[in-house]
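Residues per chain, in single letters:
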Amino acid sequence: MLRVETNNLAKFVTEDEVKNIKPQLELAAQQLRTRTSPGNEFLGWLDWPCDFATAELERIKATATEIRTQCEVFVVVGIGGSYLGTQAALSALGPTFPQLSNSAERGGPLVLFAGHHLSSRYMADLLDYLADKEVALNVISKSGTTTEPAIAFRLLREFLVKKYGRSEAMRRIYVTTDPERGALRGFADAQGCTSFVVPPDIGGRYSVLTAVGLLPLAVAGVDIVGLLAGAAAMREHLMNDKNADGNNPAYKYAAARNILLRKGYDIEILVSYEPGLFYLAEWWKQLFGESEGKDQRGIFPAAVGNSTDLHSMGQYIQEGRRALFETVLEIAEPGRDLSIPREDDDADQLNYLAGRPLSEVNQGALEATVLAHVDGGVPNMRICLPKLDALTLGGLFYFFEYSCALSGLLNGVNPFDQPGVEAYKVNMFALLGKPGYEAAGAELRDRLNDGRM
Ligand code: PA5
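An account of the accompanying structure is given in this report. (Residues numbered from 1 in each chain as written. Predicted model: local features only at pLDDT ≥ 70, side-chain atom pairs only at ≥ 80, totals over all residues. Heavy atoms only, no water.)

**Some points on the sheet that holds strand β3 (residues 110-114)**
Pairing is parallel across the open sheet formed by 5 strands, whose spatial order is β3-β2-β4-β5-β6. Because the sheet does not close on itself, it has two edges, and the strands there are β3 and β6 (194-197). On average, each strand axis in the sheet is inclined to that of its neighbour by 20 degrees, with strand direction left out of account. The sheet contact formed by strand β4 (residues 135-141) and strand β5 (residues 173-177) spans 5 bridges and is parallel. Bridging across to β5, L137 finds its partner in I173. Of the strands in this sheet, β2 (73-77), β3, β4 and β5 are in contact with helix α7 (residues 147-164), which crosses β4 at around 155 degrees. (Pairing = 2+ DSSP bridges. Helix = DSSP H or I, 4+ residues; strand = E, 2+ residues; numbered from the N terminus. Axes fitted to C-alpha atoms, helices over the stretch in contact; angles between N-to-C directions. Contact = heavy atoms within 4.5 Å.)

Next up, the structure:
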């Protein structure tokens, strides 16, 4: 089971501070349990791993089986919470080089992503790549109105219709959206596409364990039953240990990061030593950034992948402005390992490592870095997992979601809304001439012209 180690906070967080935050932590946990927190209309994720209907799970598995026979490439169209969890799980559990592996090695079709930005170069390259492949796609948008996936879907839909004809194209389009509202729901119902729902009471960034993540992950051959079981076990662990003095890892994590924030440590760096965790950090950044960064408050979530980033960001972390703390994701069992070879001439002077596993060197880098950064004034915690598999990853997703909700409540914000993401959209619609935004568009163009003079 996952553990949170806080020994390396001793220099930065006192026992009294931990004791003093306890009543606030218990209140936040109680607000979640009793569904009385701000944003309580979006607490569906709390019981989701246990409530998830068996019939829906079976339908996802059956559809995934059908998709696996239908295509070589499965394109997931979505942005934010509608793709990051899938990308995170695929990178963590799938092969390191999916595009270079065959479908047996991967466990299913190649999963590619679209609609998570507006790059014309990426879309043009993707369409070229798909030209001679068997393709199916899953368009995912809770609101059904998000511009980036909507444009990618329009381009890919045109591609599929040209390639297969309209009725076969519609058989290759799988829609995941709100059960009743939005343009995508209307499209799926009108065209008779197979569709799944994003539950209305689960926000995008808390939705990885719904059909949003489960369908594409099942297509890719990920053990989705294991993911849900891991999340359910973690829920049990976190919800049943109600004592803030105990060893509840979410309480420890949420308490520590809020104590640090109140002392001016307002940047958290999630650190991993496995490239396969890169997208997990991206998912985590979205979860915490959108949940906590509001009302001019919040911890800025950043991430590094070591030891790569020790050769770039390492300098800043060691000696830059002291507002950072680190949370290290530590995986005990690397999954695969190699022994470092001996060489007779020892020209590179690495024979002192000969015969030792590469994972031991990686762990050495982790331990050495933690000590150096703590000495340099960077508070450090570790989230320790025995290994990385579907069970532990499902548990980790749930752990972060629960900790994030607790943390946001501790900091006095609603962790389930994201009012700030509208600002750029209004400007973009206005500048691009969307009907209804004419006045705002004229004003913005004037501002841009002033700036250019
Ligand atoms: O967490 C959220 O709600 C957002 O980040 C959404 O996931 C993101 O904006 C995509 O929204 P939608 O699924 O409605 O297209």
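After that view of the structure, there is still more to cover.
**Observations regarding the pattern of salt bridges**
In this structure the tally under the stated criterion is 24 salt bridges. The partner of D178 in a salt bridge is R181, with the nearest N and O atoms 3.8 Å apart. Of the residues examined, D178 reaches a relative accessible area of 4% and is grouped as buried. The exposed category is assigned to R181, whose relative accessible area is 58%. Note that K294 is salt-bridged to D417, the shortest N-O span being 2.8 Å. Residue K294 is found in the loop between α13 (278-292) and β8 (300-305), and its partner D417 is found in the loop between α16 (390-410) and α17 (422-432); the two are separated by 123 residues along the sequence. Residue classification places K294 among the buried residues on the basis of a relative accessible area of 10%. Taken together, the salt bridges that share partners define one network made up of R35, D47, R235 and E236. (Salt bridge = Lys/Arg side-chain N within 4 Å of Asp/Glu carboxyl O. Buried < 20%, exposed > 50% of the residue type's maximum accessible area, 1.4 Å probe, protein only.)

**Re the nonpolar core**
Soluble globular proteins tend to bury their nonpolar side chains together. Grouped together as the largest cluster of nonpolar side chains are 106 residues, with contacts concentrated most on F400 and Y402. For this core, the element with the highest residue contribution is α16, accounting for 13 residues. Three or more residues apiece are contributed to this core by two domains, here domain 1 (3-36 + 228-410) and domain 2 (48-222). Other than its neighbours up to four places away in sequence, Y402 contacts A29, L32, W45, L46, L238, M239, A250 and Y251. Ranked by size, the runner-up nonpolar core spans 26 residues in total, among them L130, V139, F153 and V175. (Core = buried A, V, L, I, M, F, W, Y, C linked by side-chain atoms within 4.5 Å. Domains from an automatic or database assignment.)

**Looking at the sheet that holds strand β10 (residues 380-385)**
With mixed pairing, the 5 strands of this open sheet are ordered in space as β1-β10-β9-β7-β8. Of all the strands in the sheet, the pair left with one neighbour each is β1 (3-5) and β8. This sheet shows a mean twist of 20 degrees between the axes of neighbouring strands, independent of strand direction. In this structure, strand β7 (residues 267-272) lies alongside strand β9 (residues 324-331), joined through 6 bridges in parallel fashion. Within the sheet, the bridge partner assigned to S272 lies in β9 and is L329. Of the strands in this sheet, β1, β7, β9 and β10 touch helix α12 (residues 249-262), which is tilted by about 160 degrees from β10. Contacting β7, β8 and β9, α13 runs over the sheet at an angle of about 175 degrees to β8.

**Describing empty space enclosed by the protein**
Scanning the model with the defined rule gives 1 cavity of 30 Å³ or more in all. Forming the walls of the largest cavity are W45, W48, P49, I202, Y206, L209, T210, Y398 and E401. Secondary-structure elements contributing two or more residues to the lining of the largest cavity are α2 (48-51) and α16. By residue class, the composition of the lining of the largest cavity is 7 nonpolar, 1 polar and 1 charged. (1 Å grid on protein atoms, 1.4 Å probe; cavity = no way out; pocket = protein on both sides within 12 Å on 5 of 7 lines; lining within 4 Å. Points joined across faces, edges and corners; volume = space filled by probe spheres on them. Nonpolar A, V, L, I, M, F, W, Y, C, P; charged D, E, K, R; others polar.)

**Let's talk about the environment of Q30**
Looking at the element boundaries, Q30 is found in helix α1 (residues 15-33). For the pair Q30 and E290, spaced 260 residues apart in the sequence, the C-alpha separation amounts to 22 Å.

**Describing unusual backbone geometry**
Cis peptide bonds are those with omega within 30 degrees of zero, and the linkage from N306 to S307 qualifies with 10 degrees. Tracing the sequence through the fold places S307 in the loop between β8 and α14 (314-319). Backbone geometry at D295 places phi at a positive 55 degrees, although glycine is not the residue there. Topologically, D295 is positioned in the loop between α13 and β8. Here Q349, not a glycine, exhibits a phi torsion of approximately 55 degrees, which is positive. Looking at the secondary structure, you find Q349 in the loop between β9 and α15 (358-375). Using a relative accessible area of 61% as the deciding quantity, one classes Q349 as exposed.

**Examining the site of the ligand**
The environment of the ligand is formed by 13 residues, the closest being S82, S141, S143, T146 and Q286. Between the ligand and K142, the relevant distance is 2.7 Å, taken from an oxygen atom to a main-chain nitrogen or oxygen of the residue. Between T146 and the ligand, the recorded distance is 2.5 Å, taken from a side-chain N or O atom to an oxygen atom. Computed on the free molecule, the ligand has an accessible area of 390 Å², of which 87% lies beneath the protein chains in the complex. Cavity membership is defined here by more than half of the atoms lying within 2 Å of grid points; on that basis the ligand lies in the second largest pocket. A breakdown of the residues in the shell around the ligand according to their chemical character gives 1 nonpolar, 9 polar and 3 charged. (Near = heavy atom within 4 Å. Polar contact = N/O pair within 3.5 Å; in protein donor to acceptor, adjacent residues only side chain to side chain. Areas by Shrake-Rupley, 256 points an atom, 1.4 Å probe, with all protein chains shown as cover. Sits in = over half its atoms within 2 Å of the grid points.)

**Remarks on the packing of helix α3 (residues 54-70) against helix α10 (residues 211-219)**
Where α3 meets α10, the axes come as close as 8 Å, and the angle between the chain directions of the two elements is 40 degrees. Taken as axis vectors, α3 and α10 run oblique relative to one another. In this structure, α3 crosses over α10, and the sense of that crossing is right-handed. For the pair formed by α3 and α10, the contact residues are I60, T63, A64, I67 and R68 on the first element and A211, L214, L215, A218 and V219 on the second. Split into classes, the residues belonging to the contact of α3 with α10 amount to 8 nonpolar, 1 polar and 1 charged. (Parallel < 35°, antiparallel > 145°, perpendicular 65-115°, else oblique. Left-handed = near helix turned anticlockwise from the far one by under 90°.)

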